[in-house]
Amino acid sequence: MPPPSTQCPTPYASQVTTTGLLTDHYELTMIRAAIEGGTARRRAVFEMFARQLPAGRRYGVVAGPGRFLDALARFRFGLEELDFLRGSGVIDEPTAAFLAGYRFRGNIWGYPEGECYFPGSPILIVESTFAEAVVLETLALSIFNHDCAIASAAARMVTAAGRRPIIEMGSRRTHEIAAVAAARAAYLTGFACTSNLRAGLDYGVPTAGTSAHAFTMVHDNERQAFGVQLEALGVDTTLLVDTYDVPTAVRTAVELAGSALGAVRIDSGVVAKVAAGVRTQLDSLGATATKIIVTGDLDEYAIADLATAPVDGYGVGTALVTGSGAPTASLVYKLVARSPDSSPDLVPVSKQSVGKPTMGGRKWASRGLDSEGTATVEVISLTPQPDRPTLRPLLRQLVRDGEIVGVEPLTAARDRHRRVLAALPASARDISPSGPAIPTRFESVGAVGQ
C-alpha cells in the first residue's frame, strides 16, 4: 500500500463553506445578551477537560486538534447564515454586526494530537474575549468528543492486536462524515489502513479492501467468482471464504491461485476455531504464506481472545466507530477565568453545581516522569512548571493572536502517540477494566465561585 501523505489537504467536510452554524442556539443568544450587557469584550479563558474517563478506561487519547483548526479557519457567518439567524429571531442587529466580522483573534493552547490525557487534563485552553471564545464551545466539543472517543477505543484495539495489523472498516455503521473522522482517528492510534476512500484522499490514510459476499453470490458459483477476482486483482488479493462452505472455498482458492495466494478472509462463525481449521488446511495445500484476516463484530476484547489463534490481521467496524461502548469522551468546555469589568487582569471563576464543579484559573499541565522516563503523575497547576528532566510540559500553542500555528501532518501525531503510550506505565496497556493509569495532581489550584 502507498505511504500516507504528509500534506494537510482540505477535507471533505470543508465542502461546507463556513462552520459558523455548527453550533448551538444558546451560544448566539449568550453573545446577544453579552453585547447588550457590556460583557462581550471581557477577557475570558475557557478550558476543555474530562471530569473522568469512561468506566474502566486507563487513559484517553487526544484526537481532533487538526480537524478543529481546519474548522476554526472557516468559522464565519455569511449573508445566508445571517439572514437565517435574523429571520428566526436568534440575533439582533448588533449581534449580526459582530458575527459578520467574526474572526478569532485570541490564543489557543492544547495537548498535541496523539497525546494521552487523564481526568482533569486541560486538553484545550482558549483565551480571547468572552464573545469570541464562547461561540467556539459547540464546534470544539463536537469534534473533540467524537475523535477522542474513537481514538481512545482504537488505541486499546491496537494494544490488543499486538504486532498484527488492523483495518478500519466502520463506514457503513456511522454517519458518512463521522466515518471519515473515525478513520483518521483510528490511523492516528496505529490502525494500518481504512476501507474509507475519502479518508485516503483527505488525510493520506492508506486504504484497503477487496470484495464482499455479494461479489461471490453474483457469479454462477464460487470458483467463477474467485477466478474473476484473481484475474482482476492478482494472486496477492484476499479471497472471502465463508460465503458457503469454508473448506471447499479454501481448497478452490488455492487451486486457482496456488501457494502465492495473498490472504483469505473469515467473517463469521467461531472465529478462533474456523481460523485454526483454515490454517491447517492452507498449510496442507502448500499455501503456508497465505495470511488469514478475520472480521465481524470484533472489539478489543475479541481481538485479545484471538491472541493465540492463527490469525494475521483484523478488520474492525462497529465497535470502532461507536467508541467500543464509550461513544463520547464526555469532555466539557468551561469558563475558568475572566477579567472583572475593564481590568486586564484575570480572576479565576468556577461552578459550584452539584456533581459538576469546576476548578478556576488558567491551567498549565505537565507529566511527571521517573528516572527511566515512565509517566508517574499528571500535574495541573495555576503557574507554569519549571523545566526539568522529570517533568514534561504538555501544552502547545495552536493559535497565536488569531494565527493558526499548530497544524502538523497526521503522521507526526501517529508517531507521537506511539511514543507517549510507550512511556505510560505497563499497566496502562492492560485492556481489563481499571482506573486511570496515573493520578492527576492539582497544585495551587484555587476555585473562586462566581
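Scroll up to find the structure this text is about.
Heads up: these notes are all about the structure in this document. In this text the structure is predicted, and so the values were computed from the model without any measurement. (Residues numbered from 1 in each chain as written. Predicted model: local features only at pLDDT ≥ 70, side-chain atom pairs only at ≥ 80, totals over all residues. Heavy atoms only, no water.)

## Description of the sheet that holds strand 5 (residues 124-129)
Thought 1: Strands sit in the order 13-12-1-5-3-17-18 across an open sheet of seven strands; the sheet is antiparallel. The sheet terminates laterally at strand 13 (347-348) and strand 18 (403-404), the two strands that pair on one side only.
Thought 2: Packed onto the sheet, helix 6 (residues 137-161) meets strand 1 (43-50), strand 5 and strand 12 (331-338) and runs at close to 135 degrees relative to strand 12. (Pairing = 2+ DSSP bridges. Helix = DSSP H or I, 4+ residues; strand = E, 2+ residues; numbered from the N terminus. Contact = heavy atoms within 4.5 Å. Axes fitted to C-alpha atoms, helices over the stretch in contact; angles between N-to-C directions.)

## A closer look at the packing of aromatic side chains
Thought 1: Inspection of the entire model under this criterion finds six aromatic pairs.
Thought 2: Centroid distance phenylalanine 75 to tyrosine 102: 5.3 Å. Interplanar angle 70 degrees. Geometry classified as edge-to-face. Placement of phenylalanine 75 in the loop between helix 2 (65-73) and helix 3 (79-87) and of tyrosine 102 in the loop between helix 4 (93-100) and strand 3 (107-110) is noted, with a sequence separation of 27 residues between them.
Thought 3: A residue is classified by how much of its surface remains accessible, and phenylalanine 75, at 0% relative accessible area, is buried.
Thought 4: Aromatic ring contacts, followed pair by pair, group Phe75, Phe77, Phe98 and Tyr102 into a single cluster.
Thought 5: When the ring centre of tyrosine 203 is taken as reference, the NZ or CZ atom of arginine 184 above it lies at 5.2 Å.
Thought 6: For the cation-ring pair, arginine 362 lies above tryptophan 109, with the distance from its terminal atom to the ring centre recorded as 4.4 Å. (Phe/Tyr/Trp six-rings, centres within 6.5 Å; stacked < 30°, edge-to-face > 60°. Buried < 20%, exposed > 50% of the residue type's maximum accessible area, 1.4 Å probe, protein only. Lys NZ or Arg CZ within 6 Å of the ring centre and 35° of its normal.)

## With respect to the pattern of salt bridges
Thought 1: A complete count under the given rule lists 22 salt bridges for this structure.
Thought 2: Across the pair glutamate 300 and arginine 156 runs a salt bridge, and its minimum N-O distance is 2.9 Å. With glutamate 300 in helix 13 (residues 300-305) and arginine 156 in helix 6, this pair connects stretches of sequence that are 144 residues apart.
Thought 3: Of the charged contacts in the structure, one is a salt bridge between arginine 198 and aspartate 202, with a shortest N-O distance of 3.1 Å. Taken as a pair, arginine 198 and aspartate 202 lie in helix 8 (residues 197-203) at a separation of four residues, close to a single helical turn. (Salt bridge = Lys/Arg side-chain N within 4 Å of Asp/Glu carboxyl O.)

## Notes on the nonpolar core
Thought 1: Within the largest apolar cluster, 66 residues are counted, with the highest numbers of intra-cluster contacts made by Tyr59, Met157, Val294, Ile303, Tyr314, Val316 and Leu320.
Thought 2: Looking at this core, the element that brings in the most residues is helix 6, giving eight residues.
Thought 3: With residues near it in sequence (within four places) discarded, tyrosine 314 still touches Ala161, Arg164, Pro165, Ile166, Ile167, Ile293, Val294, Leu298, Ile303 and Leu306.
Thought 4: By size, the runner-up hydrophobic cluster in this structure holds 56 residues, among which are Ala40, Leu99, Ile108 and Leu141. (Core = buried A, V, L, I, M, F, W, Y, C linked by side-chain atoms within 4.5 Å.)

Such coordinate-based values are descriptive only and should not be taken to indicate function.
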